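Architecture at a glance
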Amino acid sequence: MNGSLHLWLIPLLPFAGFVLNGILGRKLPKALVTAIALLAPLGSFLVVLGESFGMSSASLPVTETLPFPWISAGKLRIEFSFVFDQLTLIMLLVITGVGFLIHLYSAGYMEHEDGYWRYFAYLNLFLFFMTVLVLAGNALLMFVGWEGVGLASYLLIGFWFQKTSAADAGKKAFIVNRIGDFGFLIGLFFLLANFGTLTFSEISAKLAANPAWTGGVLTAIALCLLVGAAGKSAQLPLYVWLPDAMEGPTPVSALIHAATMVTAGVYMIARTHFLFDRSPFALSVVAIVGAATALFAATIGLVQTDIKRVLAYSTVSQLGYMFLGCGVAAYSAAIFHLMTHAFFKALLFLAAGSVIHALGGEQDLRKMGGLRKKLPVTFWTMTMAVFAIAGFFPFAGFFSKDAILYAAFTQGGLGTVVWFVGLVTALLTSFYMFRLWYLAFLGESRSADIHPHESPWSMLGPLVILAVLSVCGGWIGAGRFGAFLAPAVGTKTAEAASSNLELILSVLAVGVAALGWFIADRLYRTNPESPARLAAAVPGAYNVLVHKYYVDEIYNFLIVKPLLLLSKFVLEWVVDIAILGGAAWLLGGIAMLGGAILQRWQSGNLRSYAAWLALGAAALLLFVLMPWTSILAGFGLHVGMVGH
Amino acid sequence: MHLILFIVFAGFCLAGAVNLLMQTHPINSALSLIVVMTSLAVLYLLLGAEFLAVAQVIVYAGAIMVLFTFVVMLLNAGREERTLGSRAAMVVGFPAVVALLAVAATVILHTQGLGTAAMRDGITSTQELSTVLFTKLLLPFEVTSVLILIAILGAVALARPGHGERTPSE
Amino acid sequence: MSSGYVQLLQQDVPLSWYLLLSAVLFSLGIVGFLIKRNLITVFMSIELMLNAVNLSFVTFAHQWHAVKGQIFVFFVMMVAAAEAAVGLAIIIAVFRARATLAVDRIDLMKL
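Residues numbered from 1 in each chain as written. Chains lettered and ligands numbered in written order. Predicted model: local features only at pLDDT ≥ 70, side-chain atom pairs only at ≥ 80, totals over all residues.

**Some details on the overall build of chain C**
Spelled out, the test is: Numbering of helices and strands runs from the N terminus, with a helix taken as a DSSP run of H or I at least four residues long and a strand as a DSSP run of E at least two residues long. Residue burial here comes from a neighbour count, namely the number of other C-beta atoms, placed from the backbone, that lie within 10 Å of the residue's own C-beta, with 20 or more meaning buried, 12 or fewer meaning exposed, and in between meaning partly exposed. Here, residues touch in the contact sense if the C-beta positions derived from the backbone fall within 7 Å of one another.
Helices and strands together make up the secondary structure of chain C, namely 4 helices and 1 strand. Order of helices (α) and strands (β) in chain C, N terminus to C terminus: α-β-α-α-α. For chain C, the proportion of its 111 residues judged to be buried stands at 50%. Contacts in chain C between residues far apart in sequence, at least 24 positions, make up 50% of those at least 6 positions apart.

See below:
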């Protein structure tokens, strides 16, 4: 049903912002740049709100297609089609809403930067691609958005490109993403080969018409798509770029590496759920990857000293939870957690940014402390977020995490195992988040002579709004989320059933979170020297954790070094110098040799010229005067030369 | 009669030509060439071209060769020196000449319908010649005179003392 | 006996002999061009070639009883005269510039 929804406005506004700020931003006054940059997400958000008020669940999904196709080659036909359904609605609200808040925050945070206009241009570019990603009605258009957000992420991580570590981090993010994108592409090729189309609705319809199709090729497709999702959403083994991405400005970390881009993988799995549903094997892999990542990242987060690194590993861990949810086919639960996570993780990052801003750039937890009295608004909003992520009732994280764990437990078999892993991870999450809370805000101040001051209201406003959402966000979706998203992602999650089991599991989860808080309290408030003693007691394990399991070093040894060697010795020496250089040298040599030989003919010597002239004359005479036709006829060759 | 005259003067032509090649001093070559020219004049006469025979003697032998002799004396050209020589001239040139001669000779000898020359064949009178020259071919005739004028001017300009000498600015 | 010789002497000369003579003179001219080392002598060989060609023109004029052949020879003579004048002037100029008449030493036109 092609309605007059003007869905195309949603990506268009940020794109216009990007173009304007990108081209003219350098010369415009800062206020105008800010206005353009803020109006874009706000405008998109209002458009989304407008759409959602005008319709009922029955009228979705809505498809808008541009009148001309993108690709029309033989049997392949790809349109520019945007699809708006419940899933898209949730994603768009999160993206444009939280996006707008972060844009607002950035106006304050990045105020004194030289590349102010560039930052907002990139941020708008990111919004454009992200909205294209979630609105896309076919996999190829989604891939455009997918790649585009990777590009924007690269540009923003390396925003302070003069710093080598930032430039390197941007490159790392892009390259690791590329590996995931390769998997995505293979999956797309498989899809095209087997279904002849990339449009989600058509694939879904084909699958629905053939209930017997399971496993086999569908597993292959699902696994390829999973590789892509793992790259974008920083799951094992492609998570290594996310901690390094903290080199970018903190609002970027909040928007891209917490709330929106990294959730693209989860969104993609939810969008193509009809494929994953047909392959229990693929779903198991998703669940295992998610659970393993969640636990792995949580253990690393236990000992990190940089406030943003802790949050980065926390993000990887929470994304693991979302993958876990998808893996047990509880897609709506995963999306629910995606939404609540966007609220409290963005809040955590923005509050961390506020702390960093207040301390003049300090990011080391060991040098913070006692900020409770000095940064009251930041403190209280961050506290909300910490409670939310730990999963305490009635904050947002409780409901979404609970939904995932319940779905995992009720699935049985593998589900129970991943449930247990999820529970342990909840304990660890609670612990390290409270550790951060204690180290940063409570206790005595360990920051030297810096006098921290509270941030301006352009930064505090979004913090407050996000804090409210972190508290109330869960209430919005509890019990209703699954039913709401069912038309889009299926009704695997039986949320209304067996409230006793659910109650027990919830209590268990909260208890675990409380245990984590208790341990953190013991280690960081009452006995502040005990962490050091504990670390000294198990130096081996501690070192492994601090060095992030040496994963970066392993990758460097296994992958990067061999590639560099290959480039240098094979590609540079053999191909570049020997083959290509040799070929060029050869061609040049032939030309020069030919020239040198011919040059000797032009000696300037009159007599040799005369000799060659005589030769030419003799030849000419021979050719003209001899009766060639009769001579050739004598040899039996009759040449048709009339009248010679 | 015709035959004897032909053989004698053709012999002179060939002898003079060969001598031109054999002599080392240019003045000797010039004198041999004069012999060739005058012998050719006689041959023209044998073929009935009376005007041409006389013109040959007056213009060629009498003017052009004298000009050559003047230049030889002016430049005080001496005997030829042994210079580097050109291998190409020998290797490429001689076979070419031989081939040329062979082709021409073959064609000449195989051509049918060539007549003969005898004393009884009439002489083309000068009147015949000039009639055609001054009526049908008047334009080429006048152009030729312009050509000679240009040649005079060119020769004067080129041979003037200031021309062709190496000046320090070159 | 003498009548045999007289008969011999009364014979006509075939025109091909004239043409052969012309060809031989022409070849001798080319040979002279190739082997002579003095610039003036080379020029003389060229004149020899021109004359050889004149002879063949006259021969053919006799063959076809066409006076045009002889007129052509006339023009050739005129042009040869002009050419000789200019050519010798050039030789003088070259001599002034290079102080030599050896053909092999006048090679400024090489690459």
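**Section: the overall build of chain A**
Per the secondary structure count, chain A includes 26 helices and 2 strands. Sequence separation of at least 24 residues holds for 81% of the intrachain contacts in chain A that already meet a minimum separation of 6.

**Topic: the nonpolar core**
All names here are of chain A. As a reminder of what qualifies: What we call a nonpolar core is a set of buried Ala, Val, Leu, Ile, Met, Phe, Trp, Tyr and Cys residues whose membership is set by joining through C-beta atoms within 7 Å.
Membership of the largest hydrophobic core comes to 205 residues, with the highest contact counts inside it found for Phe 126, Ala 334, Ala 346, Leu 347 and Ala 385. The element that contributes the greatest number of residues to this core is helix H15 (residues 331-358), accounting for 19 residues. Other than its neighbours up to four places away in sequence, Ala 346 contacts Val 98, Ile 102, Ala 254, Ala 258, Ala 259 and Leu 466.

**Comments concerning helix H8 (residues 217-232) of chain A**
Residues and elements named next belong to chain A. As a reminder, the rule being used: By definition here, a helix of n residues has an expected span of 1.5 Å times n minus one.
Under the 1.5 Å per step criterion, the end-to-end length of H8 is 23 Å for 16 residues, consistent within 8% with the ideal 22 Å. Counting buried positions along H8 gives 12 out of 16 residues, so the element sits mostly inside the fold. Buried residues along H8 sit in contact with helix H5 (139-157), helix H6 (164-195), helix H11 (264-271), helix H12 (273-277) and helix H13 (280-301).

**What about the environment of Ala 53 of chain B?**
Residue and element names in this part refer to chain B. By the secondary structure assignment, Ala 53 is in helix H3 (residues 50-75). For the pair Ala 53 and Ala 41, spaced 12 residues apart in sequence, the C-alpha to C-alpha distance is 4.4 Å. Each residue touching Ala 53, except ones within four places of it in the same chain, is listed here: Ala 41, Tyr 44 and Leu 45.

**Thoughts on the interface of chain B and chain C**
Test applied: Classes in brief: Ala, Val, Leu, Ile, Met, Phe, Trp, Tyr, Cys and Pro nonpolar; Asp, Glu, Lys and Arg charged; the others, Gly included, polar. Any two strands with at least two DSSP bridges between them are considered paired.
Listed as interface residues are 76 residues of chain B and, on the opposing side, 63 residues of chain C. Mapped onto the side of chain B that touches chain C, the elements with two or more residues apiece are helix H1 (2-22), helix H2 (26-46), H3, helix H4 (87-110), strand E1 (116-117), helix H5 (126-134) and helix H6 (138-159) of chain B. Partitioned by chemical class, the residues of the side of chain B that touches chain C number 57 nonpolar, 14 polar and 5 charged. Of the pairings in the sheet, the one linking E1 of chain B to strand E1 (residues 13-14) of chain C comprises 2 bridges and is antiparallel in character. Within E1 of chain C, the position partnered with Thr 116 of chain B by the bridge is Pro 14 of chain C.

**A short note on helix H18 (residues 414-441) of chain A**
Since the α-helix packs 3.6 residues into each turn, any two residues three or four apart lie on the same face. Taking 1.5 Å per residue, 28 residues should reach 40 Å; H18 of chain A reaches 40 Å between its end C-alpha atoms and fits that length. One or two positions beyond H18 of chain A, positive phi appears at Gly 443 of chain A, with a value near 75°.

**Focus on the pairing of strand E1 (residues 62-73) of chain A**
Residues and elements named next belong to chain A. Taking burial as the measure, the 12 residues of E1 include 0 buried ones, a minor fraction of the element. Pairing of E1 with strand E2 (residues 76-84), which is carried by 8 bridges, proceeds in the antiparallel orientation. Each residue of the ladder has a partner; that of Thr 65, found in E2, is Ser 81. Adjacent in sequence and paired antiparallel, E1 and E2 are bridged by 2 residues, among which Gly 74 carries a positive phi angle near 65°.

**Some remarks on the interface of chain A and chain B**
Counting residues at the interface gives 13 residues for chain A, matched by 11 residues for chain B. Its residues assigned to classes, the side of chain A that touches chain B shows 10 nonpolar, 2 polar and 1 charged.

**With respect to the packing of H8 of chain A against H11 of chain A**
All names here are of chain A. For the record, the criterion: Axis angles are defined between N-to-C directions and span 0 to 180 degrees, where every axis is a line fitted to C-alpha atoms and, for a helix, only to the segment in contact. Orientation categories follow fixed angle ranges, with anything under 35 degrees roughly parallel, anything over 145 roughly antiparallel, 65 to 115 roughly perpendicular, and all other angles oblique.
Look at H8 against H11: their axes get within 7 Å of each other, and the N-to-C directions meet at 155°. Taken together, the axis directions place H8 and H11 in an arrangement best described as roughly antiparallel. Together, Leu 225, Ala 229, Ala 230 and Lys 232 of H8 and Ala 264, Gly 265, Met 268 and Ile 269 of H11 make up the contact between the two elements. Of the residues in the contact of H8 with H11, the class split is 6 nonpolar, 1 polar and 1 charged.

**Quick notes on the confidence of the model for chain A**
Counted only if it meets this: Predictor confidence is given residue by residue as pLDDT, running from a minimum of 0 to a maximum of 100.
Across chain A, the average pLDDT comes to 85, with 95% of residues at or above 70. The secondary structure element of chain A with the lowest average pLDDT is helix H20 (residues 481-489) of chain A, at 72, and the one with the highest is H5 of chain A, at 93.

**Some remarks on unusual backbone geometry**
Residues and elements named next belong to chain A. The step from Leu 236 to Pro 237 runs through a cis peptide bond, and the omega angle for that step is -10°. Assignment of secondary structure puts Pro 237 in the loop between H8 and helix H9 (241-244). One non-glycine residue with positive phi stands out, namely Ala 234, at about 55°. Overall, Ala 234 belongs to the buried group, with 30 C-beta atoms counted inside 10 Å. Even without being glycine, Tyr 550 reaches a positive phi, approximately 55°. Within the element layout of this structure, Tyr 550 appears in the loop between helix H23 (539-546) and helix H24 (551-599). The class of Tyr 550 is exposed, set by 12 C-beta atoms lying within 10 Å.

**Here we look at the environment of Ala 403 of chain A**
All names here are of chain A. Along the chain, Ala 403 turns up in helix H17 (residues 396-411). Using a count of 27 C-beta atoms within 10 Å as the deciding quantity, one classes Ala 403 as buried. On a C-alpha basis, the gap between Ala 403 and Gly 482 in space is 9.6 Å, while along the polypeptide they are 79 residues apart.

**Section: the confidence of the model for chain C**
Per-residue confidence for chain C gives a mean pLDDT of 88; residues scoring 70 or more make up 95%. Across chain C, the element-wise mean pLDDT spans from 70 in helix H1 (residues 2-10) of chain C up to 94 in helix H3 (residues 39-63) of chain C.

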